[in-house]
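# Chains, contacts and geometry: an overview
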Amino acid sequence: MRIFVQRVVLLLALVVIGASVLVLEHANVENPTGRRYASDPVPAATGEPAERVLSADLNVPNNNVATQRQCACKGDDQSTAPPAGCNVCFVHSAEILKFRIPDFVTTSYIAESKNTVSLVDERRQLTDYATIAEALDIPLWVYVRQDTTVQVPLRTMIEDTGGGVVFYFVPQGYRDPYDTAAQIAIAASLVVFFAMLIAGRLLHREPRPKIEPSSAVPPPSGDGLLDQMEQLKERTRRRAEREELPHDDE
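The following paragraphs examine the structure supplied in this document. (Residues numbered from 1 in each chain as written. Predicted model: local features only at pLDDT ≥ 70, side-chain atom pairs only at ≥ 80, totals over all residues. Heavy atoms only, no water.)

Take the overall build of the protein chain next. Helix and strand counts for the protein chain stand at six helices and six strands. Along its sequence from the N terminus, the protein chain presents helices and strands in the succession α-α-β-β-β-β-α-β-α-β-α-α. Per-residue burial for the protein chain yields a buried fraction of 34% across its 250 residues. Partitioning the contacts of the protein chain with sequence separation of at least 6, the portion at a separation of at least 24 is 61%. (Helix = DSSP H or I, 4+ residues; strand = E, 2+ residues; numbered from the N terminus. Buried < 20%, exposed > 50% of the residue type's maximum accessible area, 1.4 Å probe, protein only. Contact = heavy atoms within 4.5 Å.)

Okay, structure coming up:
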């Protein structure tokens, strides 16, 4: 029973370590970056650093760069030339308020960076982006700060496209609670794992064999004792005879 419990504890420790490593590696994160939070800290209330970090994390060029500028153009006429400041219209829609330039445009999603405290002032723009995403049948992802306030109806509208709001941008010195919990879990599991290994070795160590005398002399029996006495008497008699013999120098 003790061996079974030890093996179960060792297995659980390995499972916890494996799960914690997955957390630290941002596994099973559904948004296009594959991360829970930005790879670099982003100062508050500045747009360009947030776009730069998000561009690196998405591995997608910033659509605001002059050489990019793919626009969602207003109107149904596909032959309409792009407005000034746009290089190409990637979609036309009569339902948007005006032409729009999302921060990131790919064939599989639209992404927007919002490093602001609230999205109240961004509602009209994000509504147009959701309309565009639905027309193209691709999700809209909106990346915001950890402390950004997002109204429920706006969040629901974004999620209805198949995307979502990602609380992504973090300040300098930010510590993710999931990372902290995973690090503690790994440390504790390693302690338990090695403690159980050491305890198992001590409990199952074989005792040292007893060393028995290899050349023990058994005590003499009765007959053997008599023989020894006779031999002693004979040696004594012979010694006495040698002493009585005359010496040549006398």
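Picking up where we left off.
Turning our eyes to something else, we now look at a nonpolar patch on the surface. A grouping of Leu190, Phe194 and Leu197 is seen on the molecular surface, where their side chains present a nonpolar patch of about 250 Å² in accessible area. Structurally, the position occupied by Leu197 is in helix α5 (residues 177–203). The class of Leu197 is partly exposed, set by a relative accessible area of 34%. (Patch = residues over 30% accessible without salt bridge, like charges linked within 9 Å, V, L, I, M, F, W, Y side chains within 5 Å. Areas by Shrake-Rupley, 256 points an atom, 1.4 Å probe, with all protein chains shown as cover. Salt bridge = Lys/Arg side-chain N within 4 Å of Asp/Glu carboxyl O.)

Remark: helix α3 (residues 123–136) packs on helix α4 (residues 152–159), axes separated minimally by 9 Å, with the N-to-C direction vectors making an angle of 20 degrees. Taken together, α3 and α4 sit at an angle that is classed as roughly parallel. Considering how the two elements wind past one another, α3 and α4 form a crossing that is left-handed. Residues Arg123, Leu126, Thr127 and Ala130 of α3 form the contact with α4, whose own contacting residues are Pro153, Leu154, Met157 and Ile158. (Axes fitted to C-alpha atoms, helices over the stretch in contact; angles between N-to-C directions. Parallel < 35°, antiparallel > 145°, perpendicular 65-115°, else oblique. Left-handed = near helix turned anticlockwise from the far one by under 90°.)

Attention now goes to the pattern of salt bridges. Considering all chains together, one arrives at six salt bridges under this definition. The residue Glu122 makes a salt bridge to Lys114 at a minimum N-O spacing of 3.0 Å. Lys114 shares its class with Glu122; the two are buried. For Arg124, the salt bridge goes to Asp128, with nearest N and O atoms at 2.6 Å. Note that Arg124 and Asp128 are positioned in helix α3 at a spacing of four residues, about one turn of the helix. Overall, the relative accessible area of 39% leaves Arg124 in the partly exposed class.

Let's shift gears to the side chain of Glu122. As for its placement among the helices and strands, Glu122 is situated in the loop between β4 (110–114) and α3. Polar side-chain contacts of Glu122 include one of 3.0 Å to the side chain of Lys114. Apart from residues lying up to four places away in sequence, Glu122 is in contact with Lys114 and Thr116. (Polar contact = N/O pair within 3.5 Å; in protein donor to acceptor, adjacent residues only side chain to side chain.)

All right, on to α4 then. Looking only at α4, the buried set comprises Leu154, Met157 and Ile158. Looking straight down α4, one finds that the buried residues subtend no more than 95 degrees of arc, so they occupy a single side. Looking at α4, the residues exposed on the side facing more than 90 degrees away from the buried face are Val152 and Pro153. (Arc of directions from axis to C-beta.)

As summarised here, the arrangement of the four strands in space is β3-β4-β5-β6, forming an open sheet in which the pairing is mixed. Single-partner strands in this sheet number two, and they are β3 (104–105) and β6 (164–169). Across the sheet, α3 touches β4 and β5 (140–145), and the angle it forms with β4 is around 165 degrees. The sheet strands contacting α4 are β5 and β6, and the helix crosses β6 at an angle near 105 degrees. (Pairing = 2+ DSSP bridges.)

Looking now at the nonpolar core. Counting residues in hydrophobic clusters, the biggest one holds 21 residues, and the most contacted among them are Phe90, Ile110, Leu126, Ile132, Leu140 and Ile158. Those elements that place two or more of their residues in this core are β2 (88–93), α3, β5 and α4. Here this core takes five residues from α3, the largest share from any one element. Leave out the neighbours within four places in its chain, and Leu126 touches Glu112, Lys114, Leu119, Leu140, Val142, Leu154, Met157 and Ile158. (Core = buried A, V, L, I, M, F, W, Y, C linked by side-chain atoms within 4.5 Å.)

Another point: the state of the cysteines. In the structure shown here, the tally under the stated rule is two disulfides. The disulfide bridge from Cys71 ends at Cys86, spanning 1.8 Å between sulfur atoms. Looking down the S-S bond of the Cys71 and Cys86 bridge, the torsion is -90 degrees, so its handedness is left-handed. Of this pair, Cys71 sits in strand β1 (residues 70–74) while Cys86 sits in the loop between β1 and β2; the two residues are 15 residues apart in sequence, bridging distant segments of the chain. Judged by its relative accessible area of 10%, Cys86 is buried. Taken in sequence order, the bonded cysteines of the protein chain link in the pattern 1-3, 2-4. (Disulfide = S-S within 2.5 Å.)

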